[in-house]
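Residues per chain, in single letters:
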Amino acid sequence: MNDMIQVENLTKVYRSFKGAKEVKALDQISFTAAPGEFIGIMGPSGSGKTTLLNVLSGVDHPTSGEVIIAGNAMDKLKRDAMALFRRRKIGYVFQDFNLLDSLTLKENIALPLILDRIAPKEIEQRVDELMAFFGIADLANKYPYHVSGGQKQRAAAARAIVTNPAVCFADEPTGNLDSKSATDIMGMLTQMNEERASTILMVTHDPFAASYCKRIIFIKDGQINLQIQSSGDRKAFFDKILEILSVMRG
Ligand code: ADP
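About the thresholds
Residues numbered from 1 in each chain as written. Predicted model: local features only at pLDDT ≥ 70, side-chain atom pairs only at ≥ 80, totals over all residues. Buried ≥ 20, exposed ≤ 12 C-beta atoms within 10 Å, placed from the backbone. Helix = DSSP H or I, 4+ residues; strand = E, 2+ residues; numbered from the N terminus. Contact = placed C-beta atoms within 7 Å. Pairing = 2+ DSSP bridges. Axes fitted to C-alpha atoms, helices over the stretch in contact; angles between N-to-C directions. Parallel < 35°, antiparallel > 145°, perpendicular 65-115°, else oblique. Left-handed = near helix turned anticlockwise from the far one by under 90°.

**Brief notes about helix α3 (residues 105-115)**
Now for step 1: Here α3 has its buried residues at Leu105, Lys106, Asn108, Ile109, Ala110 and Leu113.
Now for step 2: Those residues of α3 hidden inside the fold are in contact with α4 (120-133) and α5 (149-161).
Now for step 3: Once α3 ends, the next one or two residues include arginine 117, with phi positive near 55°.

Written as C-alpha cells, this is what we have:
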C-alpha cells in the first residue's frame, strides 16, 4: 500500500522583522510513514519538533519541500479545501486537551461530525462506539471540568479519530498528566494504533511515552539525526531512547 505520509526535503525558515537573523527550523527533512505506523518525534528543545508537526498538519506552510498525506499534496490544496482536509483527514491530540468547557464530553467528541453535517443518527452511533472503546461511556454527559486529566485525554483522543482521519498527530499527549494517566493514555494510543490501524505521529520529550512507538525519528537542528525501530520489547526500547537522548544532549 502507498505511504500515508510522504515528506520530501521539507524546509522551514522563520524570517523575523527588521533584519533580525533567520532561523532554519527545518532543514531538508525527508521521511515516509506507512499506514498503521506509530512514530515518535524526539529531539532537544528548539530542534524543530513543533514546527514539523505544524507544517505536517497544515497549521503552517513550509518554505520549501513537500508534504503528501493520504495521496494529497498539501501545497496544492486551496484555503477551503485545506480546511476541509484538515477537519476530515487529520486528527489532533493536544498536550492541554483543548476540550470546550461549555460542552459535555459526548458533545465535544461529536463536534467534528456536527461541523461536517453528518446525520444525527450516525453521529450518535460513532460517538457511542468510540466512548465505549475509550472506556468513558459513563461520562458522556459530564463536562470537562468534572473529569480527571486522563479522562479528558481519552475524550480528546476519541474526538481526534471520530472522523476516521488518515493520520492522528499527538503533541506531547502526556505532558500534563501524572504517571498513571500517562500510562493509561499511551495504552489507549497503542490500542488505537493496533486495533483501529490508526497512523499516529507523536511529538514527545518523554522517553516513557516514546517507548510505546514502533519507530522514533530523532531530530536535531532541524535535521533528521537518527531513526530507530522497536523490536517490540518496550523496556529495551526505553533504555535505548534514554541512551540516545543523553548522547544527543552531549
Ligand atoms: P521544538 O518544538 O523542538 O522545541 P520549535 O519547532 O519550536 O522546536 O523551534 C525550532 C526553531 O525555530 C527554534 O530555534 C525556535 O526558536 C524557532 N522558532 C519557532 N517558532 C518560531 C517563530 N514563530 N518565529 C521565529 N522563530 C521560531
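Now that the structure has been shown, we can carry on.
**Examining the environment of asparagine 54**
Now for step 1: Along the chain, asparagine 54 turns up in helix α1 (residues 49-56).
Now for step 2: For the pair asparagine 54 and aspartate 171, spaced 117 residues apart in sequence, the C-alpha to C-alpha distance is 9.9 Å.
Now for step 3: Not counting residues up to four positions away in its chain, the partners in contact with asparagine 54 are Val59 and Asp60.

**Side note on the sheet that holds strand β6 (residues 90-93)**
Now for step 1: The strand order across the open sheet built from six strands is β6-β7-β8-β3-β9-β10, with neighbouring strands paired in mixed fashion. Bordering the open sheet on either side are β6 and β10 (223-229), each of which pairs with just one other strand. For this sheet the average axis-to-axis angle between neighbouring strands, irrespective of direction, equals 20°.
Now for step 2: As judged from the four bridges shared by strand β3 (residues 38-42) and strand β9 (residues 215-220), these two strands associate in the parallel manner.

**Some words on the sheet that holds strand β1 (residues 5-14)**
Now for step 1: Pairing in this open sheet of four strands is antiparallel, and the strands run β2-β1-β4-β5 from one edge to the other. One side of each edge strand has no neighbouring strand; the edge strands of this open sheet are β2 (23-33) and β5 (72-73).
Now for step 2: The pairing of β1 with strand β4 (residues 64-69) spans five bridges and is antiparallel. Residue glutamate 8 lies in a different strand from β4, and its bridge partner there is glutamate 66.
Now for step 3: Across the sheet, α1 lies against β1, β2 and β4, angled at about 60° from β2, the strand it touches most.

**Describing the packing of α3 against α5**
Now for step 1: Where α3 meets α5, the axes come as close as 7 Å, and the angle between the chain directions of the two elements is 25°. Here α3 is positioned roughly parallel relative to α5, judged by the angle of their axes. The handedness of the crossing between α3 and α5 comes out as right-handed. On the side of α3, the interface is formed by Leu105, Asn108, Ile109, Leu111 and Pro112, while α5 contributes Ala155, Ala158 and Arg159.

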